[in-house]
Amino acid sequence: MSVLQKEAIHKRTKRKLVINVIARKLFFTSTLFALVTLAILLFRIVTDGIDYISLDFLTGRLSTDVERAGIYGAILGTAWLMLVVTPVTIVIGVGTAIYLELYAKDGKLRSFLQINIRNLAGVPSIVYGILGLTVFVRGLQLGNVILAGGLTMALLILPITIVASSEALQSVPHYVAEASYGMGATKWQTIRHIILPAALPSIITGAILSLSRAIGETAPLIVIGIPALLIPLPGSLFDTFTVLPVQIYYWTLDSTLVAEYANLAAATIIVLLFLLAILNGVAIYIRNKFTHRFE
Amino acid sequence: MGQTIVLKNGRKMGHGTVAKEQALPNSIFKTTDLHVWYGESHALKGISLDIKKREVTAIIGPSGCGKSTFIKTLNRMIDLSDNVKVKGSVYFKGKNIFEPAIQVEQLRTEVGMVFQKANPFPKSIYDNVAYGPRIHGIRNKLLLDEIVEMSLKKAYIWDEVKDRLHENAYRLSGGQQQRLCIARCLAIEPEVILMDEPTSALDPQSTLKIEQLIHTLKEHYAIVIVTHNMQQAERISDKTAFFLNGELIEYNKTKQIFHHPIERRTAAYIHGQFG
């Protein structure tokens, strides 16, 4: 006599197989929902905007006249902003990650800092805008210039960069570092020649992804005050500026006045998406190509 | 302190007497009443041991008996662990390595280490071997070439890699990686090589190659090897130290330990009755 009741098990198996099929269909549906929404969104933007993209649009100055309006100023502004954000985030972000992962003693202070940095990554971007307004625009009296905007954006993406860099540093197996110490290398030599090179591809990937967040952010810059007016092209860190997402925002806002502004906004979105796609592509390429496999 | 040190001539001595004794002229390492704690756990309990030049010293014992802790203490790799406390002394060529004047980086260039898991750097074969000399300031390309070739030859891996020196080290097989790690260690010209179960992750063929290598290396180096493999200890070592629960139970010539152990527990361990 068998202990297992084969008949009952057989019945239950049938039911489980039905649940199995339902589960697969459910998850497929949710994926489909996300993809369809995205497709509709992209389709609308492309149909609205693609006809407005031309060389003149990309190289033209801002204008109230739809025929003459261009986004050269916004492209230049975004580029200037990145010029500030990139070095600040990478130096401070990677530096902090190195300290936390490789120097700081394992203890309460370290875990307190780590938890708070992770929390900061979830703080709404507008809060960083307020911080930037208080500290850089008013406190340091920089005004609403590129430097102030760049520093604000750098603060916004610092937590993400630190977390990504920390994870990259953690992923370097400790036995590789041990080998270096075992040969009489100092801590800094080990970091400089072994740990950093091994972690670098992931660090760069993380940095590019957080930079692409900075490129797409609008709220903090609105808070520190980006003029909606026609402004001269920026030429230094101390000039006022506008960026692509802010341009999209103002054109969308004013589309109640001039309907075609909505098309200009759509065209600008296409340009912005294209830029972000390139950045993400580079990040994925670096990750696949240069990540070391310790096997 | 119930442990007994058995000296070369077979005389038994309490560890107190051993501590006062002068280092023998061909002694390279001498530990006296060495204690190590990881936090609350007492990992080494008063180890007094004399290690000689041009000899292979095997450390055997069951898992968690302190063998790895012991050799990691010899080049102060133990400093990298959290919450470590050390008492007693370790004399390397007559100097206590725990004195503040000793630079740990300097010590590690004289006491090299090969680890349980082959751990090449994610760099080329050449750069792996050249790493040590480079961090110690050697920039001359010709000199580096020479060191790399010589070290790879000493580790009997030159013929297998001479045409692919600039390939990533992780493309080598496990056994080749471990010999590369030995070559990398030889490149800094240490006097002692510590090996922490260097063949435990390797197939018998690669193990044999490493054992042969150890046999030729002992002409020039003192080798301290931790091993789980009794036959290996018997094959390759001149002296064997048996550790149990952080204590040194017996230390003697390998032949003596394997054929006429003095301690009952040594005999039991060697004959596979525990561990």
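In this text, all values refer to a predicted model and were calculated from it rather than measured experimentally.

Novice: For this particular structure, what's the right way to read the overall build of chain B?
Specialist: Scanning chain B for helices and strands turns up 11 helices and 12 strands. Taken over the C-alpha trace, chain B has a radius of gyration of 19 Å; the compact-globule value for 275 residues is 19 Å, and the two agree within 12%. With respect to the three principal axes, the spread of C-alpha positions in chain B is 55 × 45 × 35 Å. Classification of the 275 residues of chain B by burial places 46% in the buried group. Across chain B, the fraction of contacts at a sequence separation of at least 24, relative to all contacts at a separation of at least 6, is 67%.

Novice: Explanation requested: the overall build of chain A in the structure shown.
Specialist: Counting its regular elements, chain A contains 11 helices and zero strands. For chain A, the sequential pattern of α-helices and β-strands runs α-α-α-α-α-α-α-α-α-α-α. In terms of overall size, chain A is more extended than a compact globule, its C-alpha atoms giving a radius of gyration of 25 Å where 295 residues would be expected to give roughly 19 Å. By residue count, 34% of the 295 residues in chain A fall in the buried class. Intrachain contacts of chain A at a sequence separation of at least 6 include 76% that bridge at least 24 residues.

Novice: Explain the nonpolar core to me, please; I cannot follow it from the model alone.
Specialist: In summary, soluble globular proteins display a tendency toward joint burial of nonpolar side chains. With 141 residues, the main nonpolar core has Ile223 and Val224 of chain B as its most contacted residues. If you tally residues by element for this core, the top one is helix α6 (residues 146–170) of chain A, at 15 residues. Beyond its immediate chain neighbours, meaning those up to four positions away, Val224 of chain B contacts Ile51, Thr57, Ile59, Ile71, Leu74, Val192 and Leu194 of chain B.

Novice: Can you help me understand the environment of Glu110 of chain B in this one?
Specialist: All names here are of chain B. In this structure, Glu110 sits in helix α3 (residues 104–110). Exposure remark for Glu110: the 16 C-beta atoms within 10 Å place this residue in the partly exposed category. On a C-alpha basis, the gap between Glu110 and Thr31 in space is 17 Å, while along the polypeptide they are 79 residues apart. In contact with Glu110, other than residues within four places in its own chain, are Pro190, Glu191 and Val192.

Novice: So what exactly am I meant to see when it comes to the sheet that holds strand β3 (residues 27–38) of chain B here?
Specialist: In a beta sheet, neighbouring strands pair by backbone hydrogen bonds and run either parallel or antiparallel. Residues and elements named next belong to chain B. Reading across the sheet, the four strands line up as β4-β3-β6-β7 and stay open at both edges, with antiparallel pairing between neighbours. The two strands at the open ends of the sheet, each matched to only one other strand, are β4 (41–52) and β7 (95–96). Examined bridge by bridge, β3 and strand β6 (residues 84–92) share eight bridges and lie antiparallel to one another. Bridging from a neighbouring strand, Thr31 pairs with Val90 of β6.

Novice: Looking at this structure, how should I read the confidence of the model for chain A?
Specialist: Segments scoring low in pLDDT should not have their predicted coordinates read at a detailed level. In the predicted model, chain A carries a mean pLDDT of 90, and 97% of its residues have values of at least 70. Averaged pLDDT values for the elements of chain A fall to 85 in helix α2 (residues 55–59) of chain A and rise to 94 in α6 of chain A.

Novice: Is there a simple way to think about unusual backbone geometry in this case?
Specialist: Residues and elements named next belong to chain B. The phi torsion at Asn83 lies on the positive side, around 60 degrees, for a residue other than glycine. For Asn83, the location among the structural elements is in the loop between α2 (67–74) and β6. What makes Asn83 exposed here is the crowd of 10 C-beta atoms within 10 Å. Look at Lys93: it is not a glycine, yet its phi comes out positive at around 50 degrees. By secondary structure assignment, the location of Lys93 is in the loop between β6 and β7.

Novice: Mind showing me how you'd approach the packing of helix α4 (residues 125–135) of chain B against helix α5 (residues 141–154) of chain B here?
Specialist: The description of two packed helices rests on the angle between their axes and on the distance between the axes. Residues and elements named next belong to chain B. Relative to each other, α4 and α5 sit at 110 degrees, their axes nearing to 9 Å. Considering the angle they form, α4 stands roughly perpendicular to α5. Considering how the two elements wind past one another, α4 and α5 form a crossing that is right-handed. Contacts between α4 and α5 involve Tyr126, Val129, Ala130 and Pro133 from the former and Leu144, Ile147, Val148, Ser151 and Leu152 from the latter.

Novice: What exactly am I supposed to notice about the sheet that holds strand β12 (residues 247–253) of chain B here?
Specialist: Residue and element names in this part refer to chain B. Taking strand neighbours across the sheet as the criterion, the six strands line up as β8-β9-β10-β5-β11-β12 in an open arrangement whose pairing is mixed. Both edges of this open sheet fall to β8 (111–114) and β12, since each of them pairs with a single strand only. Along the sheet, successive strands turn relative to each other by an average axial angle of 15 degrees, direction set aside. As paired elements, β8 and strand β9 (residues 192–196) share four bridges and run parallel to each other. Bridged to Met113 within β9 is Leu194. Along the sheet, helix α7 (residues 174–186) contacts β8 and β9; its crossing angle with β8, the most-contacted strand, is approximately 170 degrees.

Novice: Whenever I open this one, the interface of chain A and chain B confuses me. Can you help?
Specialist: Between chain A and chain B, the contact holds 19 residues from the first and 21 residues from the second. Here the side of chain A that touches chain B gets six residues from one element, more than from any other, and that element is helix α7 (residues 174–182) of chain A. Looking at the side of chain A that touches chain B, its residues break down into nine nonpolar, six polar and four charged.

Novice: Is there a simple way to think about the confidence of the model for chain B in this case?
Specialist: Residue and element names in this part refer to chain B. Counting all residues, the mean pLDDT for chain B is 87, and 91% of those residues have values of 70 or more. Counted against residues more than four places away or in other chains, residues 1–23, with its pLDDT under 50, gives 31 contacts. Two numbers describe this predicted complex: its pTM, 0.80, and its ipTM, 0.85.

Novice: Whenever I open this one, the pairing of strand β11 (residues 239–244) of chain B confuses me. Can you help?
Specialist: For a regular strand, side chains alternate in direction, first toward one face of the sheet and then toward the other. All names here are of chain B. Taken across its six residues, β11 has six buried, putting it largely inside the fold. Covered by surrounding structure in β11 are Lys239, Ala241 and Phe243 together with Thr240, Phe242 and Leu244, the residues of both alternating faces. Of the strand pairs in this sheet, strand β5 (residues 56–60) and β11 are connected by four bridges, and their pairing is parallel. Considered in β11, the bridge of Thr57 is made with Lys239. Looking at chain direction, β11 and β12 are connected through six bridges and run antiparallel. Bridge pairing in β12 links Ala241 to Tyr251.

Novice: When you look at the environment of Ala69 of chain A in this model, what are you seeing that I'm missing?
Specialist: Residues and elements named next belong to chain A. Of note, Ala69 is situated in the loop between α2 and α3 (72–103). Along the chain, Ala69 and Tyr52 lie 17 residues apart, while their C-alpha atoms are 9.9 Å from each other. Other than its neighbours up to four places away in sequence, Ala69 contacts Gly60, Leu62, Ser63 and Leu264.

Novice: How should I be thinking about α7 of chain A in this particular structure?
Specialist: Each α-helix winds once per 3.6 residues, and so residues spaced three or four apart point in a common direction. Along α7 of chain A, the residues that are buried comprise Val176, Ala177, Ala179, Ser180, Tyr181 and Gly182 of chain A. Looking at the buried residues of α7 of chain A, the elements they touch are α8 (187–216) of chain A together with α3 and β8 of chain B. After α7 of chain A finishes, the residue Gly184 of chain A shows a positive phi value of roughly 90 degrees.

Novice: Any chance you could explain the pairing of β12 of chain B here in plain terms?
Specialist: Here β12 of chain B lies mainly inside the structure; five of its seven residues are buried. Linkage of β11 of chain B to β12 of chain B, two consecutive antiparallel strands, is achieved through a turn of two residues, within which Asn245 of chain B is found at a positive phi near 50 degrees.

Scoring rules and cut-offs
Residues numbered from 1 in each chain as written. Chains lettered and ligands numbered in written order. Predicted model: local features only at pLDDT ≥ 70, side-chain atom pairs only at ≥ 80, totals over all residues. Helix = DSSP H or I, 4+ residues; strand = E, 2+ residues; numbered from the N terminus. Rg over C-alpha atoms; globule rule 2.2 N^0.38 Å. Buried ≥ 20, exposed ≤ 12 C-beta atoms within 10 Å, placed from the backbone. Contact = placed C-beta atoms within 7 Å. Core = buried A, V, L, I, M, F, W, Y, C linked by C-beta atoms within 7 Å. Pairing = 2+ DSSP bridges. pLDDT = per-residue confidence, 0-100. Axes fitted to C-alpha atoms, helices over the stretch in contact; angles between N-to-C directions. Parallel < 35°, antiparallel > 145°, perpendicular 65-115°, else oblique. Left-handed = near helix turned anticlockwise from the far one by under 90°. Nonpolar A, V, L, I, M, F, W, Y, C, P; charged D, E, K, R; others polar.

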